[in-house]
Structures are given as structure tokens and as C-alpha cells.
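Spelled out from the first residue to the last, the chains are:
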Number of protein chains: 2
Amino acid sequence: MPTFQAPVDHVRFLLRDVLHIERYSNLAGFADATPDLIDAVLSEAGKLCEEVLQPLNQVGDREGCVRHADGSVTTPTGFKGAMKAYAEGGWLGVSVDPAYGGQGLPYVLNTAVGEFASAANLAFAMYPGLTQGALAALLTHGSEQQKATYAPKMAAGEWLGTMNLTEPHCGTDLGLLKTRAVPQADGSYAITGQKIFISAGEHDLGDNIIHLVLARIDGAPAGVKGISLFIVPKFLVKEDGSPGARNNLSCGSLEHKMGIHGNATCVMNYDGATGFLLGEANRGLNAMFVMMNEARLGVAAQGLAVSEVAYQNAANYARDRLQGRALTGAKQPEKPADPLIVHPDVRRNLLTIRAFNEAARAFMLWSALNSDIAHRSEDAAARRNADDLLGLMTPILKGVLTDIGFENAVRAQQMLGGHGYIEEWGMEQFVRDARIAMIYEGANGIQALDLVGRKLPRDGGRAVQVFFGEVSGFLKAAEAEAGMAPFTGPLRVALGDLQKATMWLMQNGLANPDNAGAGSYDYMHLFGLVALGYMWNLMAQATLRLQAAGAADAALATRLVVGQFFMERILPETALRLARLSTGASTVMALPAQAF
Amino acid sequence: MPTFQAPVDHVRFLLRDVLHIERYSNLAGFADATPDLIDAVLSEAGKLCEEVLQPLNQVGDREGCVRHADGSVTTPTGFKGAMKAYAEGGWLGVSVDPAYGGQGLPYVLNTAVGEFASAANLAFAMYPGLTQGALAALLTHGSEQQKATYAPKMAAGEWLGTMNLTEPHCGTDLGLLKTRAVPQADGSYAITGQKIFISAGEHDLGDNIIHLVLARIDGAPAGVKGISLFIVPKFLVKEDGSPGARNNLSCGSLEHKMGIHGNATCVMNYDGATGFLLGEANRGLNAMFVMMNEARLGVAAQGLAVSEVAYQNAANYARDRLQGRALTGAKQPEKPADPLIVHPDVRRNLLTIRAFNEAARAFMLWSALNSDIAHRSEDAAARRNADDLLGLMTPILKGVLTDIGFENAVRAQQMLGGHGYIEEWGMEQFVRDARIAMIYEGANGIQALDLVGRKLPRDGGRAVQVFFGEVSGFLKAAEAEAGMAPFTGPLRVALGDLQKATMWLMQNGLANPDNAGAGSYDYMHLFGLVALGYMWNLMAQATLRLQAAGAADAALATRLVVGQFFMERILPETALRLARLSTGASTVMALPAQAF
């Protein structure tokens, strides 16, 4: 059976030594996040994830969710108790405004906790995760009355949330959506239509489910400019704030999926259900994007999370399994064979995963800290800077962390040979579960298009210049530091590749948008590599400084080797990405559709 | 529901225009393989695969195999009838010696048929595929009496075969195996032990199952030099050649696996079962390698096969699904949206898969033709040359075609968005099924080690020099041909990378075997890229010559574009592989085991 140990020490290192969280004590909620409190939050979260969520991961996969004849849905054994523990621990409200029952702590802390939960049990973690996303949209766009009605219950985990976008004929292209909203005399709307692929659409984990539903008000313009967002609760809320009459919506069926069996993926039927407009009419996509951006960071964390837990189990196996002898002669001659870990190719695989995991975690927390700054800073320039970086990095985080996270789950599975392919060891579940993260919340190809088509050109390329400026400034200072050359050298090369690619896109993408489209995916990964390489530089610098100050624990020495591996073996991929992208669109677009 | 169309036209092009099969009419059986007969074989095989095997693919996945209380195993609905059709069509015996009931046709033809079958229904195709592998070992190492007893029944598909290597504590490291063989007075052996992961170990598809089992004769040396191979039939064969008494062996349980649910993966218990020595005592690995090498080519074909069927379904979806608009303006303004195929990134994905599939098919058939030459030529030098190339290419085919085949199944799945993740469309099954091919018949890391540790240095590097000579000779001649520059140019660069990598390995791998181990995987893929690039050159040359001779069909023009894509976007990866490999083993080996 697979095991999981929350990477508490690494998160602590990142928050304290790399991101220097203490420097942000002027941000709301950060002063409360003392080192002791951070330690307590991380250890308690880790314990819950290791002891309560992780043991239910295989159970959830095997049992799945069950829809009954009345449309109700039962989650797997143990999920109800786990949800109760998660809610009562206050884990949904870690960074929610205390005015609505949250703890108001930094979002960066909430992000770390989210990774632990997804690593322990991805299908389970989606229930609170989606609730947090819905809550974010509600707190940003809801009226005072709406916030008061729903937010405290959601922050407490008593009511859960969903997002309803996809319809049978449209996922990416929401302009095609058909669900109707008919204005009612009391100011509410009657919502009618069918939504598919609705995660956590129906279940037994809370007293109410607050659906956020995209629909078109009768008479609204066609396309994306006629879409509005509605609050559609499973149970309408009574005057006293408790759940009342059942709304006219139901789960029509559950999808049979490759993975995340513990999460109920529903076809949702709205039959004149009562809905309440959230935010402005016809500005629903705008409101939904608050939720989607938060969700994209959450999905990025899922990619990393599965990569982490898969790594841990592959490394354990490689240390334990005796098979074959080291190429340089027996390392444990007293045993019938050496452990797998003696083999260079096994180590190469493990290091490939780990070098990604540590940098990806840094990248995720660095981005989450930018979200905190963007939302909580009183300095307008700092807010803008952070918001630029967050907007730019969101598609990269989502696309790259889920692509590589999946690849790493596959890689870790491979370390177990045939044992990786059978259910017993749990590795194949990691692969099946990780696969969804590349698809939902905007398939990764859409993330790449969002990057090159929107985020990159926005405000004359301001965001990317902020990033280039930050990395160049870092390099200039760090190149002189002792021990940094093996890190700064490769990063400078990779940054050069990214700058060339950016220039190429700006020149050729304007002339022909297909050039941007044909290069978008390589550009996203090229950007991701540079971001991860930058994170390794930050981590190496922090490590070297700790060592220079006398710290001598083995984890520091290990980290430098893992970082070195990234610089030598992974970062050089930037050259290939640049070469591909620079070939342009002509070959890609040459064939007629029927030739495929 | 997914569909499949056997790539008959492409195989015909490869056999006729690229491999010039008519030039080999001096080889046994090749004179019979007239163009008309080849056409008939390919079309008939295609029809059977499309109409009988493919419709059972999802059924097989959903139902799986069932083990009953008495140890018997039932295969999914329809498999029995399909096996009957496959056997009666003579498809197991396509290239088997007519003396044993086969048709004696070229192995290259059998290989093409095998790809069709695996694409249509991978789990099903394993039953006849394993039988063919066992039959090959039997025909190479069996006594006349053994061959007469088993071969005709196996070639006819009445009796099926298996290979029994793995035990709970050993897969790769067969030297550790514990299954015992005790000599009996009648010359037979009593076999006792447990084998795991035995594909097709028990089922209802034939009248008998001929297990080939590795075991250690009492008193034999420890390690791999004390292993022998035994024929252990499920039913002992009576004097009259019909199945008689039940042997003392049974299926203890079925594994629950990620995919290939239609194939029964068994724990096999041998309790003093009667076995007959196949080949020499203590030379069992040697005999088993005949089967494994054949099986490795078959597994390589599986990687390609799933990539092909996944491509076809993704391309169909991309042509049909309306979603979003072309970046350059609406292409079908009369419709609510354009089809996905207008998007450059969708095309990039499809072309990435297809550019691999066509070259991989050429590589596979080119190798199979070398197998024919190695086994059937009367010219000793030609046999040696072909055998060198086949030995060298076997690990590359297995490792590269299954790695990329799996990646492509994932890529094709991605094109369907959320619909790719649910069972209905069949794409997620392709991913789950394709995954096993990277693991069984020697995990791909083992293939890479076989390449750098055995195949490369063997006979002073003779095989690799044969390949370099062939490609260099081709380039020298082809560089002058009209239209070939976009193909020969990139191939020359890639060949240079491979030659540098080979030199690096020879120099540094001898000094420290860990350098070879740490670079083995990148070397395998680098070699695979060059082989595929060479295949694209051969295909481009054949295509240009056909065009120059007046042929004008659209498939030819399409092929040049697909090949161009490979040259521009895929082949340049050789530089990255070389760069990685050249970093050596020092970082990889730096950490102690407990640091992972």
C-alpha cells in the first residue's frame, strides 16, 4: 500500500529561507503567521493528510461514487468522516477573510496545505478545493447579502461548492453555451439546461451544495458577452440561514472515468431551478475567471502533489527492492542482490522527478505569495507587479506542473516494473488520477494559447518584462556569489532562449497568428523551464547562505545535488523548445483537414 | 465508440517502394509473396481486425477476465469466437515453416499483421502473439519429437502458448529464480514453484496451453547459468497427439491491472507439474531469448499499434468537433464554430503522432525484414549483417516505440478534452493499455542497459558500425537527389550527434560503467530518433521518386509534409539527448541511498 509523508520541511525552508515570508508582515494576516504558527499549521495539516486522507485514497478509487435511483450520490467509505475532520480543522478557511469565519492567514499557506491534501487523496481534496474556488468568486463578486448567506457556511465546510461551465457541445468555447436563465418577478432567475463533467455535483459530504452556474439570460447577446453567473443552491436557504426547499436540479448520472473515482463527476440537470445573479448580468465569464484562476493554481498543485507522492513511493521501492547488481560491482554482497537504487538509470529517474518537485513547489508558493501581495498590499505598484506576474504565470503553472506531474507519475510507476501496473501498489492510480489535471480547468493547449495570445501581449508585454527584469537582476547579483556559478550559468543561457523565443513570437505572431499558435505549447514549456530554473537558483542561493552561516544538515547538501541535476539534465531543454518554436506554422498548417 | 482502419496502404508502400521486397525473392518463402498475395493478406487481415477484433476492444476492457472457483478462467464475451476466426484464418502461422502447418511467408508480413491486431484489440492480440513467441522458441530449440507434438497445433491456433519467467521476488534478475525442476525416471521433470504476471496463463480460448517455464534443475549452479527451460503443457499430450491428463498446475489468481483487462494475467502455481526440457540443461535463458527477442519486436509493434489507433480517433474527433474559431478568422462562418482541426496546436499534436507512426512502422518492418534475411538468406555475410542490425535494434525498437507510443496515446486522448478522460470514447483505454508495453518483456530501462552494455560493445562495436555505414552511404548518395535536402540535412546533423554520443560512451563507459548507465536511456532515444529520421529519409526518397515518375496522388504530397514536420520538430531532440548523456554519472551517483 502506498504511503505519504507531507513535505513539511521543504515548505518551511521555502517560506522562511527562500521567500522570506517575514518580510511581508505588513500584509493583512501575515503578522499572525509567526514561524511557530506556520510550523503548527503545516504539521497539523500534514498529520491530517497522512493519517486521515491518504489511507482513504485506494478505497476511494476502488469503491468510487454511487448514484442511487433518487439521484442522490454516496461517496466512498470514510469520505464523510474525512470531510468532517477537514472542515472542523478549519482547513477550508485558512486564508478566508475572518469576517466570514476564516482565519485570514496568507494564501501561500493555504496553497501549501492544498498540495498536501491533493497528494494524500486527490479525489477527496477536490471537494474542499472546489468549495474554496466557488467561495473566492462569491467573496469577490457577491453582494453583502449573498456573502453573508453563503460564505460562512462554505468557509466552515458545512456547505460545499461547485462550478458549472461545460455543456455537451461546449467546454472550451463557452460562447456556445445554451443553459437559459429566465428572470422571475422576485428578482431571481429560473435556470434550465444541462451541464456535464461537474465535479462534486452531487454527494453526501455537506448539508448543502452551492452551484455556481453559467447561463444566458433570455435576450442576452450571443457569444461570451451574453453569459451570466448564478448562485444555484441545492437547497434554497431559509430566512434563518438554514437549508430549506429542494431546488429543481438533480444529478442525472455519474461519468465513468479513468481516475479520480472518489470524486462524483456529474451530469447536472437544471429544470427551472431558482438561481441568483452573482455579479453583473452578461459579465459572468469575468466573475467565473476569479474562480478559474484560483482553480488553475489548485490544479497546478495537483500535478505537483501526485508527482510528490509518486516519487516517495518509487524511492521507497528503489531502496527496498533487491534486484540485480551494481554495474561497478556488488554493493551488498551479503544479500542475494543489490537494491534498485544502486542503478544509475533508476537514480536518473528519481532525480528527474525530485528536481522538478522541489522547484515546482517553490514556483507554486512564489506565485501564491504574489497572489497575497496582489490582494493584500497597500502599495499600488507592488500590487500591480504581483498581479502581472500572477496572471502571466497562471497558465504556465497549470500547463507545466500538470504535464510534468503526470509524466513523473508515469516515471515513478515505471520504477516498480510489473508491480507498478497492478492495482495493489497504488502507482497506477497515481497515473490515472494525475491525468485529469492536464485536461480540466482549461486543457493545457488552452493554457498555452492563453499565455501567448493574452497574457504575453497584455499591456504591451509589461508582465513578461517584469519577470525578465527580476531574473536578470537576480543573476547580476548572484553571479558573483560563491558556489552559484553552476546555477547562474545555465539559467542565463535558458533566459536567453526565452528572450529569443519571446522576440520571435512578438515579431512573427503578429504577422500571422498561426505562428503563435504553432509555437504556443513549446513556449509555455520553455517559460516553465526558465521559471523552474530560477527557483532552483533561489533555492541554491538560500542553501549556500545557510551553509556559509554554519548550517550543516544533510538536507542542504542533498538539495544542491538535486539542483545541480536540474541544471545539467533538465534545463538544457530550453534550446530544443526554442528551435521547435522558431520553425513557425507553415508545415503545421500545410495539410488540408481531410489529409489527417 | 472508437473506430479503426488498418493502415494497409502505408504497409504496401513500405514493402514495395521503400523496402523493395521484390528484391528478396531468393529468400525462402519470398517468391510466394507476390504483390497480389501481399495485397490479399493485408486486406484480409485488416478486415478481420477492423470487423471482428476492434468491436470487442471496449467489451474486453469492461468485462475483463473471470477466474472461477475451480481455477478456470473465462475471457470476455466474443473473445472465443474471435480466436476461432483468427486461428481458422491461419493468422498464427503466416510465417511459420510449412513443415509445421504454417504458410512460410515472410516474417515482415506477419509483423504487419501483428500491428493491425494489436491496434484493433491489444488484450486479445496478446493470446496469439504469445503463442507465436513460444512457437518460435520451440522451433529453434525443440527436438524433432517436441516440434512434431506441439508446433502444428500451435501454428493452427488450437493450442496456445505462454512464457513463465517472473516470480514474486524476481522479474529482471532471473538469476534469483526459485522454481525447481526435479528429474524423473522417465526423463521428464517435476516442476514446482510460483510464477507471477503470466499473460494468458489460463483461459478458455484453446484446447491446451503450452507453458514454457524457466526453472532450476536440482543441483544446478546458482544464478543465471543454472536455469533451464521446460515445456509444461496444461494437458499432457496423449500418444495420439490429443490433450490427455490434466497437469499439476493451476491459476491461483488473476491480477487487477491498469489495463489490458481482456488478457488474463495469472499467478501460476506449479505443484510437481510434468515438464519436458526444451533445449540444453542450464541453457534456458539462451533458449528463452529467442522467444523474448521475438516478443520484444511484438511489444514494439504494440506501442506503434496503440499510437496508430489513438491517432485515427483523435484526428476524426478534431475534424468533427466544432469548438472555437481559427486564429486567422472563421473558417466555417456558417457553423456555430470551426472544427478543432483549424487550430495550429491541435495539428501540431496530430502531426507529432503521425510523424512517429509512419516512421516507426517503417523501422519495424525494416527490422522484420532483417530478421527474414538473418534467418533465410543463403549468404553468410548478409545473414551476419542482418543479424547484427536486428540485435542492435531490438532494444531500441522495444524501448522507443513503446515510450513514444504511450506518449502519443496520452497526446491523442488530450485532443478530446474531458471526453478523452471518460470511458465512453475509448481514448483512456488506449492509454491504460499502452502503458504495459513500456514494462513487460524487459522494462525500458533494461532495454537501454542491454543496448549500451551488450549490443553496442559486442564484437568490437561491429553492429553499430554497420548501421553508421548504411546511413552514411545513403546520405552520400541521397544528398544529391532533387528535393532531398530538407531530409538529408537534419539527418546528417542527428547522425553526428549519435556518433559523438557513441564515442563518448565508448570512452567514458569503459572507464566507469556508471557513465554508461547514467546515459543509457538518453542514448537509446537518441539512437531511436536517428533510426526514425533515417526511415523518413527512405520514405521521402521513395515518395519523390514516385512523384518524379508521374505519380500524383494526394497521399504522396501528404507524406512529404509529415516527414518535413519530423525533420523540423522532432529530430532536433538528438542534441538535447547528447547534451544530457555527456554530463556523465557524477551528479547522478552523488547521493547516498537514504537521501532519496
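Everything discussed here concerns the structure shown above.
All figures in this text were calculated on a predicted structure; none of them were measured in a lab.

Here's the deal with the nonpolar core
Okay, step 1: Counting 432 residues, the largest nonpolar core has A:Phe467, A:Tyr523, B:Phe467 and B:Tyr523 as its most contacted members.
Okay, step 2: In contact with B:Phe467, other than residues within four places in its own chain, are B:Trp366, B:Leu389, B:Leu392, B:Met393, B:Leu498, B:Phe527, B:Val530, B:Ala531 and B:Tyr534.

Digging into helix 18 (residues 573-581) of chain A
Okay, step 1: For helix 18 of chain A, the buried fraction is high: 7 of the 9 residues fall into the buried class.
Okay, step 2: Listed as buried for helix 18 of chain A are A:Glu573, A:Thr574, A:Leu576, A:Arg577, A:Leu578, A:Arg580 and A:Leu581.
Okay, step 3: On its buried face, helix 18 of chain A sits against helix 15 (485-511), helix 16 (513-548) and helix 17 (554-570) of chain A together with helix 16 (554-570) and helix 17 (573-581) of chain B.

What to know about the relation of the copies chain A and chain B
Okay, step 1: With an RMSD of 0.0 Å, the fit of chain A onto chain B corresponds to turning through 180° and sliding 0.0 Å along the axis. Such values leave the two copies arranged in the relation of a two-fold axis. The position closest to the rotation axis in chain A is occupied by the C-alpha of A:Leu576, lying 3.4 Å away.
Okay, step 2: With an isologous cut-off of 70% or more, the 100% of interface residues of chain A that recur at the interface of chain B puts this contact in the isologous class.

Some remarks on the side chain of B:Gln323
Okay, step 1: Its place among the elements puts B:Gln323 in the loop between helix 8 (284-320) and helix 9 (344-376).
Okay, step 2: Separated by 2.8 Å, the side chain of B:Gln323 and the backbone nitrogen of A:Gly171 make a polar contact.
Okay, step 3: There is a polar contact of 3.0 Å between the side chain of B:Gln323 and the backbone nitrogen of A:Asp173.
Okay, step 4: Sequence-distant contacts of B:Gln323, defined by excluding residues within four places in its chain, comprise A:His169, A:Cys170, A:Gly171, A:Thr172, A:Asp173, A:Leu176, B:Ala337, B:Asp338, B:Leu340 and B:His343.

Thoughts on the interface of chain A and chain B
Okay, step 1: Across the contact, 88 residues belong to chain A and 88 residues belong to chain B.
Okay, step 2: Between chain A and chain B lies a buried interface of about 7,600 Å² when both sides are counted; carbon and sulfur atoms form 61% of it.
Okay, step 3: Three residues, A:Tyr421, A:Arg569 and A:Phe596, lead the burial of chain A against chain B; their summed loss comes to 13% of the area buried on that side.
Okay, step 4: Here chain A is connected to chain B by 4 salt bridges.
Okay, step 5: A:Arg580 is the salt-bridge partner of B:Glu573, the closest N and O atoms lying 3.8 Å from each other.
Okay, step 6: Where chain A meets chain B, there are 49 residue pairs in polar contact (both at pLDDT 80 or more).

Parameters at a glance
Residues numbered from 1 in each chain as written. Chains lettered and ligands numbered in written order. Predicted model: local features only at pLDDT ≥ 70, side-chain atom pairs only at ≥ 80, totals over all residues. Heavy atoms only, no water. Core = buried A, V, L, I, M, F, W, Y, C linked by side-chain atoms within 4.5 Å. Buried < 20%, exposed > 50% of the residue type's maximum accessible area, 1.4 Å probe, protein only. Contact = heavy atoms within 4.5 Å. Helix = DSSP H or I, 4+ residues; strand = E, 2+ residues; numbered from the N terminus. Least-squares fit on C-alpha atoms with pLDDT ≥ 70 in both. Polar contact = N/O pair within 3.5 Å; in protein donor to acceptor, adjacent residues only side chain to side chain. Buried area = accessible area lost by both parts, 1.4 Å probe. Salt bridge = Lys/Arg side-chain N within 4 Å of Asp/Glu carboxyl O.

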